[in-house]
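Geometric and topological summary
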Amino acid sequence: MKIIKESHSFFKTENDYTTDACTYLYEKLQRLQTSHTGPVAIALSGGSTPLPVLELLKTKSLDWERFNFFIVDERFVPLSDPQSNFNNIESAFFSAIPSKKYSMYLEGKSAEESVMQYEKLLHEKLALKNGLPFFDLILLGLGEDGHTASLFPATAALNETAALVVVNVVPQLNTTRLTLTYPVLLNAGSIIVMAKGATKHKIIEELYAGAASGYPMAKIIDEYDNLEWLTD
Ligand code: 6PG
């Protein structure tokens, strides 16, 4: 895999992605727990890749009450919907640990109201860095179209430079998403991208070959130093 920037690291899992990725994350959370006196703020992405890893991570011994979990992006569906990222992460992970967790989707609220409330929550719960809410760690995924979070190619959220959480209509999926925006993603202490499988390898290679400027992940790669990849 040709890497054009030394400021990124690839952790290539050896045997089993779930086990090795869990170990990597566990050690990361241990370091965060040790280096902090207050709460540790972590934002989790949806999708399928993280779920088995989170299933295993919840069995690890950490001071879970020190960790506050947030959501990177959400489908605008009820929490009971199988498409709900919060619902899936609740089943796989949150339900087993005593950490505080904050859903982006608010039952009975409009999409606009939900994102407005979430942005307010970030300002209430998170420390500030560069004047913006600061996540100690953000886990991102990578879509087959180069999207990350719910920042999809050719969608309005890509151009958002002020709001931290927006409603993003995704015509190519005929759906409405709620998502963190680049300013708050790029302000994180650490970003780990979890991407596995041949299709994702190809996208990663295109991204690092500078041949994928249309991919939303490209901006993260270009502007975020020390990006960490968990891949197989
Ligand atoms: C979502 C995610 C999205 C995800 C990628 C990768 O709501 O779907 O936040 O950005 O991380 O689509 O998903 P997989 O891990 O399922 O490939």
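Residues numbered from 1 in each chain as written. Predicted model: local features only at pLDDT ≥ 70, side-chain atom pairs only at ≥ 80, totals over all residues. Heavy atoms only, no water.

1. Points about the layout of surface pockets
- Looking at the largest pocket, its volume works out to about 320 Å³.
- What lines the largest pocket is a set of 19 residues, and nearest its centre among them are Gly46, Gly47, Ser48, Leu142 and His147.
- Its residues assigned to classes, the lining of the largest pocket comprises four nonpolar, 10 polar and five charged. (1 Å grid on protein atoms, 1.4 Å probe; cavity = no way out; pocket = protein on both sides within 12 Å on 5 of 7 lines; lining within 4 Å. Points joined across faces, edges and corners; volume = space filled by probe spheres on them. Nonpolar A, V, L, I, M, F, W, Y, C, P; charged D, E, K, R; others polar.)

2. With respect to the sheet that holds strand 3 (residues 67-71)
- Ordered in space as 1-12-11-8-2-3-5, the seven strands form an open sheet in which the pairing is parallel. In this open sheet, the two edge strands, each paired with only one partner strand, are strand 1 (8-12) and strand 5 (100-101).
- Relative to strand 12 (residues 227-231), strand 1 runs parallel, the two being bridged by five bridges. Opposite phenylalanine 11, over in strand 12, you have leucine 230 as the bridge partner. (Pairing = 2+ DSSP bridges. Helix = DSSP H or I, 4+ residues; strand = E, 2+ residues; numbered from the N terminus.)

3. Notes on empty space enclosed by the protein
- Counted according to the given criterion, the structure contains one cavity of 30 Å³ or more.
- By volume, the largest cavity is sized at about 40 Å³.
- Forming the boundary of the largest cavity are Leu25, Leu29, Ile42, Leu44, Leu54, Leu57, Phe69, Leu137 and Leu139.
- Of all the secondary structure elements, the ones that give two or more residues to the lining of the largest cavity are helix 1 (17-35), strand 2 (40-44), helix 2 (50-57) and strand 8 (137-141).
- Residue composition of the lining of the largest cavity, grouped by class: nine nonpolar, no polar and no charged.

4. A word on the pairing of strand 11 (residues 190-194)
- Of all five residues in strand 11, five are buried; the element is thus mostly enclosed.
- Both faces of strand 11 are covered, namely the face carrying Ser190, Ile192 and Met194 and the face carrying Ile191 and Val193.
- Summarising the sheet, strand 8 and strand 11 pair through five bridges and their orientation is parallel. By the bridge assignment for strand 11, isoleucine 138 is matched with isoleucine 191.
- The pairing of strand 11 with strand 12 spans three bridges and is parallel. When the bridges of strand 12 are listed, methionine 194 appears paired with leucine 230. (Buried < 20%, exposed > 50% of the residue type's maximum accessible area, 1.4 Å probe, protein only.)

5. Quick notes on the side chain of lysine 28
- The residue lysine 28 is located in helix 1 in this model.
- Excluding anything up to four places from it in sequence, lysine 28 contacts Leu137, Ser190, Ile192 and Glu228. (Contact = heavy atoms within 4.5 Å.)

6. A word on the site of the ligand
- For the ligand, the set of nearby residues contains 14 residues, the closest of which are Ser48, Thr49, Asp73, Ala149 and Lys200.
- Here an oxygen atom of the ligand and a side-chain polar atom of aspartate 73 are 2.6 Å apart.
- Between the ligand and lysine 200, the relevant distance is 2.7 Å, taken from an oxygen atom to a side-chain nitrogen or oxygen of the residue.
- Across the complex, the protein chains shield 88% of the 420 Å² of accessible surface that the ligand would expose by itself.
- Judged by its atoms lying within 2 Å of the grid points, the ligand is housed in the largest pocket.
- Looking at the shell around the ligand, its residues break down into two nonpolar, eight polar and four charged. (Near = heavy atom within 4 Å. Polar contact = N/O pair within 3.5 Å; in protein donor to acceptor, adjacent residues only side chain to side chain. Areas by Shrake-Rupley, 256 points an atom, 1.4 Å probe, with all protein chains shown as cover. Sits in = over half its atoms within 2 Å of the grid points.)

7. Some points on the environment of lysine 101
- By secondary structure assignment, the location of lysine 101 is in strand 5.
- Each C-alpha atom, one on lysine 101 and one on phenylalanine 70, is 5.9 Å from the other, the two residues being 31 residues apart in sequence.
- What lysine 101 contacts, discounting residues up to four positions off in sequence, is Phe69, Phe86, Glu90 and Phe94.

8. Let's talk about the pattern of salt bridges
- Counted by the stated rule, this structure contains seven salt bridges.
- Linking lysine 28 and glutamate 228 is a salt bridge whose minimum nitrogen-to-oxygen distance equals 2.9 Å. With lysine 28 in helix 1 and glutamate 228 in strand 12, the pair connects residues that are 200 residues apart, well separated along the chain.
- Of the residues examined, lysine 28 reaches a relative accessible area of 9% and is grouped as buried.
- For glutamate 228, a relative accessible area of 9% puts it in the buried group. (Salt bridge = Lys/Arg side-chain N within 4 Å of Asp/Glu carboxyl O.)

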